[in-house]
Amino acid sequence: MRSGAIGSRWGINFQVIVTLIDTSFIFSYSCQTLKKALLLAALTWGASILQAQTSLPKPMVDDFNNYTTVGEMGMTVTNFGILGEGWNNPAQPSCRYKQYGSAREMVEMFSYAGLWIGAIPVRDGIEEAPRVSTAIVDGVFKSGEEGFEFTTSPATGDTIQIRSTISSASTSPLARYFSLDAVSHQDFIADFTDRRTVWTSETGSTTSIPNHTPLGVDVHLESYAWSHSFMESFVILDYTITNTSEQIDGHGWDLKNIAAGVWVDPSVANMNYRSVFEPGSGFSWYDNINGFDGSYDANGYPRNIGYQFDYDGDDGWTQVYFGVKVLGGTGVQAKSYPEWQSNPTRWYSYYNQWRWSLPENMTFPYFNMPINDLQRYEKLSYSPLGDPLNTVLPPGEAPWLESPNSWMILESAGPFGANNSNGELITHPGESVNVVFALVGAPWSHSAIREDVERRSDLRKNADWAQKAYNGEDINGNGQLDPGEDQNFNGVLDRYIVPAPPPSPNLAVIPGDGEVTLYWDNFSEFALDPVSREQDFAGYRIYSSTKTSSATDQYTFLAEFDQVGDELGYDTGFDLIRIKDEAGQPDSMVIQGKSYFYKWVNSGVQNGWPDKAVYAVTSFDTGDPETGLVSLESSKNENRTPVIPGSPAVEDLSEAVSVYPNPYRAHAQWDGQSQRDRMVWFTRLPASATIKIYTLSGDLVDQIDHDGPTYDGTDIRNLSQNAGPEGIILAGGEHAWDLISQNDQAIATGMYVFTVENHQTGKIQVGKFLVIK
C-alpha cells in the first residue's frame, strides 16, 4: 500500500486475477493432492463462500496512531494487521530509524508492511486448496479493497492496548502504562481476525472484501520495543494465530501446515534529503537494492535476514539497512534447508522478493509477484534462493544486487502446527500456533558504496540482539529448557529475559539564556538487574546532541560521575554534582512536585538552535567479571530531552523585544531543505503576548499568540521534527516563526515591521527585521 501522495504509483486499480496453478513444492502438498483439492474446490467453494459471509456484530474501529517511541526504531502498529502509516503524516513515523538522530540519520524504512497467513484447510479429512489471508498486498489503496483481509476483532474497544515495564515511579510518559504483565519498555497489544468478509463502518454500512475466502483465524499481536542501547534498533512482533473456523460455520476445519510471513513495501529513504512530501524533491521508490543474509549465528542457526538499502546511500544521507528476521515459532527449527527437506515437520525461514506490482518478471523469473492464494502460499513456504547463502553473491550469480528498483520483501516461516499427527502438522479449531519476527535497523558499518559482509556487520549484530532477547533463558536457541538455563528456577522456558543496565534517572532540564541546567534523581541507584537480582549501579554519564555541523555522532559525551572504589570509571564520586543546603549537607530540589538530588550546568550554549541542545543522563552498571559481561549503559533515549536555550520571559517591555537572526538570510545553517523549514526567533518576550508582523505598507502578514509557560515550538515544522514525546522545552521568553504568512505562503524578501503587545500590562513595542534571499 502506498500513500495517496504518490498519485501515479497508486492510480492503478490492480485487479487480482484468480488462477489455479500446479505446484509441487508447498511443504508436503503433492501435485496429485493439489489437483484433487482443486477439483473438489470447484464443486464446493460456492457453498463455502456463502457460509463464510460473516459480518461481525460491531463496527470496526481502526487504530493507526500508535508508534514505538522508546527506541531508535519508530514504527506505527495498527489493530488490523498493518504496520506503518503510508507516509501520510510527516509527524508520524511509518518505520523510522533513527527516529532521534540528526537530520542525516532519520531514515524511513518502509511505507507499509503487513501479516500474511497461509494454510491448507482440512474439512472432514479432505484437504482443500491452500488459502492465504493478507493484511495488505501490492497495489491496494484503501480499506475494503482486495488484500485488506484482517479486521478488528469482535470485542468492543479493541484498539491498541499499551503496557510498559517502566516503573510507575519514573517521570517517563510510559510510566502510566506500567504493568507486571509487560514484556518490554513499550508493548503494543492488538487483536484482529480474517473471519469477516464484509467491512462494517461506524455508521453501519457494509462493503464486501473482494476475493476473500477466510482461513478462519484470529490473531493476537504483541509488539515489543526497548530503549537499552543494545536493544533500541529493533521491534519484535510476536503473533499468536488461533484457528477459529468453527465460528464461521459452527463446525470449522483443521489447518494443516500453517505458514506466516511479513510482507513489506520498503523504500529506504531519508525524507530530509529527498522527501515524498515535497513535489519535485527527487524522491524515488526505485533506487533500492534487496539482499539476503543466510549466515549463521553463534548457536549455529541461520540468520536468514531479508534486507534492503539505498543503492548509493544518497550522499551519506541514507546509509542504513532495513532488515526482517524470523526469531522463532511453534515447534522445532531446522538448522539448514537440507535438514528441513529431510524432516518437513520442522520449521524453517524463507525469503522472497519481487518488483512492485509486477506479476511476471522476465528478467528475474524467480521473483514474480504472487497474485492468488496458491501463489502466495508457495511464496510463504519456499525460497528460490535455497541454502546456504552466507554472503552476498557476486553480481554474475545474483544480478538483482546490481539492479536498483522498487523491491518488495516477504520474510516467512513454516510449517507450523499445534499437533504432529503422523508426520502432518495440524491445528484443530480452538488451537493456536506462534511465530515471532524482528524488524531491524542498522547503519552501514563503513561508507563504501559497494555492499559487502563487513558493511552489514551492524545489521547482523542488531539482529543477533533481537534473537537473544527472544531466546531469553534458551541460551543455545534449541527451543527447550536445558540444564543450567532456568535462571529464575520456575521450570518454564521464559523468553525475553536479558541482562539490563539500571534505568536512566528521571531528568528535568531547564533552559536559560546561553545555558542549560540539568537536574536528576537517584532512582537508578536502587534498581535490580533482572538476571542477577542485585543492585549493580556504578554511575552516571551526561550527553548532549552534537554542537557542530561537521560532527557525525548523534551525541556528544559531556561528563561522567561514578561511585568510588568499584574499580570502574574515574572514581569521581558524586560530590561535585550533589545538591547541598547552606550547611553543605545533601539536599534536594523540588520541580513540579518531584525531588531531584543532582545538578549540572552546561554553559556557553547558543540560543535558538533547534537540534543542538538535546540532553540525556544515562546510568551504567558494574558488569559481571565472573561471567565476562561488560558494563552496560542505559539508553540515551530513555530521558532524552530536547530544549532550546533562550531568554526567559520578561515582566514588562522595559527591555527591547528583538528578532534574530536579523537580517535573516535564506538557507541559514539551522534551516531545513524546504521553505517550511525556515525560522526566525522573537526574543525577550513577556510570558503572554500577541505578536503581529506587517509589511512596510501596513498589510498584516501573520499574527502569533505567545504563551510562554505552554509554548513548546511544535507549531513550527523545523522544531517539531526534533521534538520529544512532550514537545520541546523553551525558556518562556522566545517564540519561533517559520516565515509563512497567515495565507499559508512563504513571505518575500524585504523589511518587515512587528508589534508585541504585553497581555498583562497592555504595553506595545514596535520593531523591524530584514529578510534577504
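Before reading further, recall that the structure is shown in the block above.
The structure contained in this document is the topic of the report that follows. This is a predicted model, so every value here is computed, not measured. (Residues numbered from 1 in each chain as written. Predicted model: local features only at pLDDT ≥ 70, side-chain atom pairs only at ≥ 80, totals over all residues. Heavy atoms only, no water.)

Focus on the pairing of strand 30 (residues 598–603)
Here strand 30 shows a clear split, with Y598, W600 and N602 buried on one side and none of K599, V601 and S603 buried on the other. By the bridge criterion, six bridges tie strand 25 (residues 515–520) to strand 30 in an arrangement that is antiparallel. When the bridges of strand 30 are listed, E515 appears paired with S603. (Buried < 20%, exposed > 50% of the residue type's maximum accessible area, 1.4 Å probe, protein only. Helix = DSSP H or I, 4+ residues; strand = E, 2+ residues; numbered from the N terminus. Pairing = 2+ DSSP bridges.)

Considering the side chain of S184
Along the polypeptide, S184 turns up in the loop between strand 9 (161–163) and strand 10 (186–193). From its side chain, S184 meets the backbone oxygen of Q186 in a polar contact 3.1 Å long. The contact partners of S184, leaving out residues within four places of it in the chain, are S164, T165, Y224, A225 and W226. (Polar contact = N/O pair within 3.5 Å; in protein donor to acceptor, adjacent residues only side chain to side chain. Contact = heavy atoms within 4.5 Å.)

Some words on the packing of aromatic side chains
The tally for this structure, following the rule as stated, stands at 43 aromatic pairs. Ring centres of W87 and F283 lie 5.8 Å apart, and the angle between their planes is 90 degrees; this geometry places the pair in the edge-to-face category. Of this pair, W87 sits in the loop between strand 3 (82–83) and strand 4 (95–97) while F283 sits in the loop between strand 15 (254–269) and strand 16 (288–293), placing them 196 residues apart in sequence. Owing to a relative accessible area of 18%, F283 belongs among the buried residues under this scheme. A ring pair is formed by F537 and F574, whose centres lie 6.2 Å apart and whose planes are at 40 degrees; its orientation type is tilted. Within this pair, whereas F537 is found in strand 26 (residues 537–545), its partner F574 is found in the loop between strand 27 (555–562) and strand 28 (589–591), the two being separated by 37 residues in sequence. (Phe/Tyr/Trp six-rings, centres within 6.5 Å; stacked < 30°, edge-to-face > 60°.)

Regarding the sheet that holds strand 38 (residues 729–730)
Within the open sheet, the five strands sit side by side as 27-26-31-32-38. Their pairing is mixed. The outermost strands of the open sheet, each flanked by one partner alone, are strand 27 and strand 38.

Here we look at the sheet that holds strand 25
Taken in spatial order, the three strands of this open sheet run 24-25-30, and their pairing is antiparallel. The open sheet has two edge strands, strand 24 (507–512) and strand 30, and neither has a second partner. Going across the sheet, the axis of each strand differs from the next one's by a mean of 15 degrees, ignoring polarity. Across six bridges, the pairing between strand 24 and strand 25 is antiparallel. Within strand 25, the residue paired with L507 across the bridge is W520. (Axes fitted to C-alpha atoms, helices over the stretch in contact; angles between N-to-C directions.)

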